[in-house]
Amino acid sequence: MKEDRSIPARPVSRRDFLRLSAIGSVGTALAGSLAACDLASSSSTGEGSAGAGTSSASGDSGFEIINCDFLVIGSGNNALSVIAQAMSEGHHVTVVDKGTLRHSGTSGMSWDAFSAVEIADDPKKDPTIQGYLGYQLNAQMLEKALQFDPQPNKIVYNINHGQYMPDRQDDGSIAFYLDIPGYCQGQFYRREIDQMTLKSRSSAYDRTMITDILISEGRCVGALGLHLPTGSFRIFRSPVTVLATGGCTWIYGCFSVSAYSIGTPDNTADADMALFRHGLGIGDAEYTQYDVMSCEPRGLACGFGSGVCGDAQEAHAIFDANGELVFDPNDSDVANRIYFNQELGRVVFGEKRGTANGGVLLNVGDSHIRYSNERNIELLREFGFDVRSQPIEAVPEMYEHGGQPVIDENMMTEVDGLFHARGAGTTGEVGGAQVHFNRIYGPWAAHCAGEYLKTAAEIDDIDWSGALAEYHRLQEIRTRTASDGIYPHEIRKRIQTACYGGLGVYRNADNMSAAIAELERIRREDMPRQVIRNASPVWNKEWKEAIENINMLDIAEISVRASLGREETRGMYLRSEFPQRDDANWACIQVCYLKDGDMEFEKREMPRSDWL
Amino acid sequence: MKLQVLKFNPADDPASYYVSGEVEYREQMTAMEALVEFHEQIEPVNFDFSCACRLCGRCAMMLDGIPVLACVTPITDGSHTFEPLQGYPVIRDLIVDKAELDARLSLAYDRVRIEDFSRQTVVPPDFDSATKELIYHAEFCCRCGVCDAACPTVATNPDSYVGPATMTAMAYRFMDHLDQGDRVMEAVSDGMYHCIMCGKCDEVCPQQDIGHLGMWKMLRDAAEKRGIVPGYAQ
């Protein structure tokens, strides 16, 4: 599985680069030309910028340097809590996001999928915290984050950040759905972005895909990437950076327009895998999380805004292909999502009682379903499905995935100055659900990054060679030719199909070895032939996908290998040969390093705490 | 089925142009699926999407001259034309720049409030069930801009009427009992009475259940009660 990761040499010296970059100034962007490009680039910046660059299909779009005080990558559920905390501590925050701001990732959806946690004043006594201890965690990290959190009551926090939660009881009180104390339905995180963009302490650069982290003499000094509308290369230099990007679930299976996931196609582990290639360790990659989502009609498969969900709370509506109930209605363990998914794996794949797409039949009948799904019934009816009177096929969909750089209890990665608000260890002991703790870890990561800044040395020199190498790497992907080329969408489907076999709720050596063999084949045979059909840098869907595929392949292989190595059952999947949890040997994080082109795994002890 | 797609790369092309080709129709197909097949089998087309289920609003485009979210729009066997969403500058092919609309919506959605709430001061709302329905449905507006693209008043009188997407934001905060802004005045001054109440926004909205006309009527009732109906509307 060795591959050539070298950067093609180009005739641009470091001196040339520095000379060009020196023209830039604080808060502005610099339009420049790195290579022998024939046209000047667009110099527009910021979230309002877009539109035409002045590049040609054969040229490039130059580069820009954006100077930042405090850089946050991502604008999702987790990132918003980082940004709010950093602003409240007096930092000017520069936010970079791959998608269109307010339409990106989880916070860019008008959905109701998340549950705000209302934590009691004393977290030690809080039933929510206690209940979810079983799902994760690096206890030491959580202890610090909880003790720090200035706004532990996330319902009040959300309301103060512009949300409303209108799904109330008849008497007007907040509706706690799923009958779990402390969890509230009705969150729409886009409102928080509205508030954030109107603050003078933030600048947003959206539609900008971070493809690498700028590391100079062992310290993170910013991030690098592409402004998608123009194809301009963007260099964000910053004395401190917090990564808060989402988990990559888009590797898991494929329907016509969606993976087997309610996640989004933008989450392709770009920054995480860039760090992996820089030599940082990636942990928690085997941990994935699922629920069940309808997959008919095919074009609406796994859409939270277009289908119906079968979660542990809807177990009474889940049937196998023969119409038999999958779960015993008297089995109280079903409410535990870990048990729910493991049992689902055993029945659907182990006993082969699943449907054609590896799923179940969801027969909701007249039963109560959450409103955010209830409203989809009319849409499904337009396509000929009446879910109130007939079952609909549904599949386990991956809604969350680990696989981030390892961090310490102060949320810092193995590179100085780079923090990760959901790094490895925020999933943890039982392979749990980060989504519920994102907003506890976010403020802690922001605070730690701010503390780091107080004592960090001034950056007196920057080694730009990493930026230059990354620039050339991206242009090579855009302009590569091959007589027997393969287009990015074809390679993507092959990665997704391989992962569907090896990263589901039912895993064994056979299906994971087959997945690894196929991923190795893709790396060896397909990736060198990946070409795009039009080389214009202006919003080029294929160029973007080609860059993403490299990251998806890396995270896919790390994840399957990590699962194969873990010879026990832990987290939300069943390892059929090792159905029991084995704390004696496996109460640890597995960390994957890239060494001489090979993936090597280390076991690392899980930090513990007596506090909780 | 025969598809025609309008393409344009502002860096290379003197003008936009159509490309066409045939892809196989399937029962229950969405417009997005047809477009993906066209992209993969016929000709590369640049389009944008994220959630593929009407929550993110990124795949808004014109299908046969009507603004839609491609992800949830059924398509029939036959000939169809895809074009970029009307009323916005094209970045490339079917991708348009809605940054100005987004910025305007953020302003309208930002809650006006004299101070933050504590657990003790968050009081329950006192709305009737009809308002509760209206506000919860309005929550699901994904800011796709489809309503603005279909609105005849926005097309003919853009300086006078802010458009249904922004008006939805004002109505939402008007119903939000935690908001202390003067949303009725905002709506009137942004041209609410220029709306001809034709219901196009209700018709094209991919969320199906957002009651635009109901919200407009509610805002007008409030304006009348306040005596702030503009002269041209009396």
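Quick notes on the rules
- Each residue is numbered by its place in its chain's sequence as written, counting from 1.
- Throughout, the order in which chains and ligands are written sets their labels, letters from A for the former and numbers from 1 for the latter.
- Local features in this predicted model are restricted to residues of pLDDT 70 or higher, and side-chain atom pairs are both shown and tallied only at a pLDDT of 80 or more, whereas totals for entire chains, interfaces and linings draw on every residue.
- Labels follow the DSSP assignment, with helices taken as runs of H or I lasting at least four residues and strands as runs of E lasting at least two, numbered in each case from the N terminus.
- Exposure criterion: with C-beta atoms placed from backbone coordinates, a residue whose C-beta has 20 or more other C-beta atoms within 10 Å is buried, one with 12 or fewer is exposed, and one in between is partly exposed.
- A pair of residues counts as a contact when their C-beta atoms, built from backbone coordinates, are separated by no more than 7 Å.
- Each residue carries a pLDDT score, the predictor's own confidence in it, on a scale running from 0 to 100.
- Put simply, a nonpolar core is buried Ala, Val, Leu, Ile, Met, Phe, Trp, Tyr and Cys residues tied into one set by C-beta atoms within 7 Å.
- All domain edges in this entry derive from an automatic or database-based domain assignment.
- Here, strands pair whenever DSSP counts at least two bridges between them.
- Axes, fitted as lines to C-alpha atoms, cover a helix only where it is in contact. Angles between the N-to-C directions of the axes lie from 0 to 180 degrees.
- When describing relative orientation, an angle under 35 degrees is termed roughly parallel and one over 145 degrees roughly antiparallel, while 65 to 115 degrees is termed roughly perpendicular and anything else oblique.
- Crossing handedness: left-handed means the near helix sits turned counterclockwise from the far one by under a right angle, and right-handed means the same turn made clockwise.
- For this classification, Asp, Glu, Lys and Arg are treated as charged, while Ala, Val, Leu, Ile, Met, Phe, Trp, Tyr, Cys and Pro are nonpolar and the rest, including Gly, are polar.

Draft legend 1. Structural context of the overall build of chain A. Counting its secondary structure elements, chain A contains 16 helices and 22 strands. Burial statistics for chain A: of 612 residues in total, 61% are counted as buried. The contacts in chain A between residues at least 6 apart in sequence include a share of 73% that link residues at least 24 apart.

Draft legend 2. Main features of the overall build of chain B. Counting its secondary structure elements, chain B contains nine helices and seven strands. For chain B, the C-alpha atoms occupy an extent of roughly 60 × 40 × 30 Å along the three principal directions. Residue burial in chain B is summarised as follows: out of 234 residues, 50% are buried. A fraction of 63% describes how many contacts in chain B between residues 6 or more apart in sequence connect residues 24 or more apart.

Draft legend 3. Expanded view of the confidence of the model for chain B. Residues at a pLDDT of 70 or more form 100% of chain B, whose mean pLDDT is 96. The complex prediction reports pTM at 0.92, with the ipTM value standing at 0.96.

Draft legend 4. Just the nonpolar core, in detail. Residues Val72 and Ala445 of chain A are the most contacted members of the largest nonpolar core, which totals 240 residues. Here the element with the most residues in this core is helix α15 (residues 541-565) of chain A; it accounts for twelve residues. A domain split of this core shows at least three residues from each of domain 1 (2-96) and domain 2 (99-233) of chain B. Alanine 445 of chain A has contacts with Val82, Val242, Met411, Phe419 and Ala421 of chain A, leaving out every residue within four places of it along the chain.

Draft legend 5. Representation of the sheet that holds strand β1 (residues 2-7) of chain B in the model. All names here are of chain B. Strand order in this open sheet of five strands is β2-β1-β5-β3-β4, and the pairing throughout is mixed. The open sheet has two edge strands with one neighbour each: β2 (17-22) and β4 (66-69). Each strand of the sheet is rotated relative to its neighbour by a mean of 30 degrees, with strand direction disregarded. Bridge analysis of strand β3 (residues 60-63) against β4 gives four bridges, and the strand direction is antiparallel.

Draft legend 6. Region of the structure containing the domain arrangement of chain B. Domain annotation of chain B identifies domain 1 (2-96) and domain 2 (99-233). When residues in the side of domain 1 of chain B that touches domain 2 of chain B are grouped by element, the largest group, four residues, is from β4 of chain B.

Draft legend 7. Summary view of the sheet that holds strand β18 (residues 418-420) of chain A. Residue and element names in this part refer to chain A. Here five strands make up an open sheet; going across it, the order is β6-β3-β2-β10-β18 and the pairing parallel. Either end of the sheet is taken by a strand with one partner, and the two such strands are β6 (202-205) and β18. Strand-to-strand twist of the sheet, defined as the mean angle between neighbouring strand axes without regard to direction, takes the value 20 degrees. In the sheet, strand β3 (residues 93-96) pairs with β6 via four bridges, with the strands oriented parallel.

Draft legend 8. Seen up close, helix α2 (residues 99-109) of chain B. Restricting attention to buried positions, one finds in α2 of chain B the residues Ala99, Asp102, Leu105, Ser106, Ala108 and Tyr109 of chain B. Looking at the buried side of α2 of chain B, the elements it contacts are α6 (190-197) of chain A together with α6 (164-175) of chain B.

Draft legend 9. Here's a closer look at the packing of helix α13 (residues 488-502) of chain A against helix α14 (residues 509-526) of chain A. All names here are of chain A. Between α13 and α14, the shortest axis-to-axis distance is 7 Å and the interhelical angle comes to 165 degrees. The pairing of α13 with α14 is recorded here as roughly antiparallel in orientation. Of the two elements, α13 crosses α14, and the hand of that crossing is left-handed. Counted together, Ile491, Arg494, Ile495, Ala498, Cys499, Gly501 and Gly502 of α13 and Asn511, Met512, Ala514, Ala515, Glu518, Leu519, Ile522 and Asp526 of α14 form the full contact between these two elements. Grouping the constituent residues of the contact of α13 with α14 by class yields nine nonpolar, three polar and three charged.

Draft legend 10. Layout of the interface of chain A and chain B. On the side of chain B, 56 residues touch chain A, which itself brings 66 residues to the contact. Those elements that provide at least two residues to the side of chain A that touches chain B are α5 (154-160), α6, α10 (377-382) and α15 of chain A. Among the elements that make up the side of chain A that touches chain B, the one with the highest residue count is α6 of chain A (four residues). Taken together, the residues of the side of chain A that touches chain B break down into 22 nonpolar, 31 polar and 13 charged.

Draft legend 11. The arrangement of helix α3 (residues 129-139) of chain B in detail. Along α3 of chain B, the residues that are buried comprise Leu134, Ile135, Tyr136, His137, Ala138 and Glu139 of chain B. Structurally, α3 of chain B contributes buried residues whose contacts are with α6 and α9 (212-226) of chain B.

Draft legend 12. Representation of the confidence of the model for chain A within the structure. Confidence in the prediction for chain A averages 86 pLDDT; 83% of positions are at 70 or higher. Below a pLDDT of 50 lies the segment residues 1-58 of chain A, which in the model reaches 123 contacts outside its immediate sequence neighbourhood of four places, other chains included.

Draft legend 13. Summary view of unusual backbone geometry. Of the consecutive residues glutamate 296 of chain A and proline 297 of chain A, the connecting peptide bond is found in the cis state with omega at -20 degrees. Looking at the secondary structure, you find proline 297 of chain A in the loop between β12 (288-294) and β13 (309-310). Despite not being glycine, alanine 52 of chain B has its phi angle at roughly 60 degrees, a positive value. Structurally, alanine 52 of chain B can be placed in the loop between α1 (31-41) and β3. The residue aspartate 93 of chain B is not glycine, and still its phi comes out positive at about 50 degrees. Structurally, the position occupied by aspartate 93 of chain B is in the loop between β6 (90-92) and β7 (95-96). The buried category is assigned to aspartate 93 of chain B, around which 26 C-beta atoms lie within 10 Å.

Draft legend 14. Representation of the environment of valine 19 of chain B within the structure. Residues and elements named next belong to chain B. The residue valine 19 is located in strand β2 in this model. Measuring from C-alpha to C-alpha, the distance between valine 19 and isoleucine 42 comes to 9.2 Å, with 23 residues separating the pair along the chain. Apart from residues no more than four positions distant in its own chain, valine 19 is found in contact with Val5, Lys7 and Glu43.

Draft legend 15. Geometry of the environment of aspartate 102 of chain B. Within the secondary structure, aspartate 102 of chain B is located in helix α2. Under the C-beta neighbour-count criterion, aspartate 102 of chain B is labelled buried, with 23 such atoms within 10 Å. Expressed as a C-alpha distance, the spacing of aspartate 102 of chain B and threonine 166 of chain B, which sit 64 residues apart in the sequence, is 9.4 Å. Ignoring any residue separated from it by four or fewer positions in sequence, one finds aspartate 102 of chain B in contact with Leu101 and Arg102 of chain A together with Arg143 of chain B.

Draft legend 16. Here's a closer look at the environment of threonine 426 of chain A. Examined against the element boundaries, threonine 426 of chain A turns out to sit in the loop between β18 and α11 (438-455). Sequence separation of threonine 426 of chain A and glycine 283 of chain A is 143 residues, and the distance between their C-alpha atoms is 9.9 Å.

Draft legend 17. Inspection of the pairing of strand β7 (residues 208-216) of chain A at higher detail. With eight of nine residues buried, β7 of chain A lies mostly within the body of the structure. Between β7 of chain A and strand β8 (residues 219-227) of chain A, which pair antiparallel one after the other, the connecting turn spans two residues, and glutamate 217 of chain A there sits at a positive phi close to 50 degrees.

Draft legend 18. The packing of α3 of chain B against α6 of chain B, seen in detail. All names here are of chain B. Relative to each other, α3 and α6 sit at 135 degrees, their axes nearing to 10 Å. In terms of axis orientation, α3 runs oblique to α6. In this structure, α3 meets α6 at a crossing whose hand is left-handed. Along its contact with α3, which presents Thr131, Leu134, Ile135 and Ala138, the element α6 presents Thr168, Ala171, Tyr172 and Met175.

Draft legend 19. Region of the structure containing the pairing of β8 of chain A. Residues and elements named next belong to chain A. Most of β8 sits out of view: eight of its nine residues are buried. As judged from the eight bridges shared by β7 and β8, these two strands associate in the antiparallel manner. Residue pairing across strands places aspartate 212 opposite leucine 224, the latter belonging to β8. Summarising the sheet, β8 and strand β9 (residues 232-237) pair through six bridges and their orientation is antiparallel. Bridging across to β9, glycine 222 finds its partner in arginine 237. Remark: four residues form the turn of the hairpin made by β8 and β9, two consecutive strands paired antiparallel; glycine 231 in that turn has positive phi of roughly 80 degrees.

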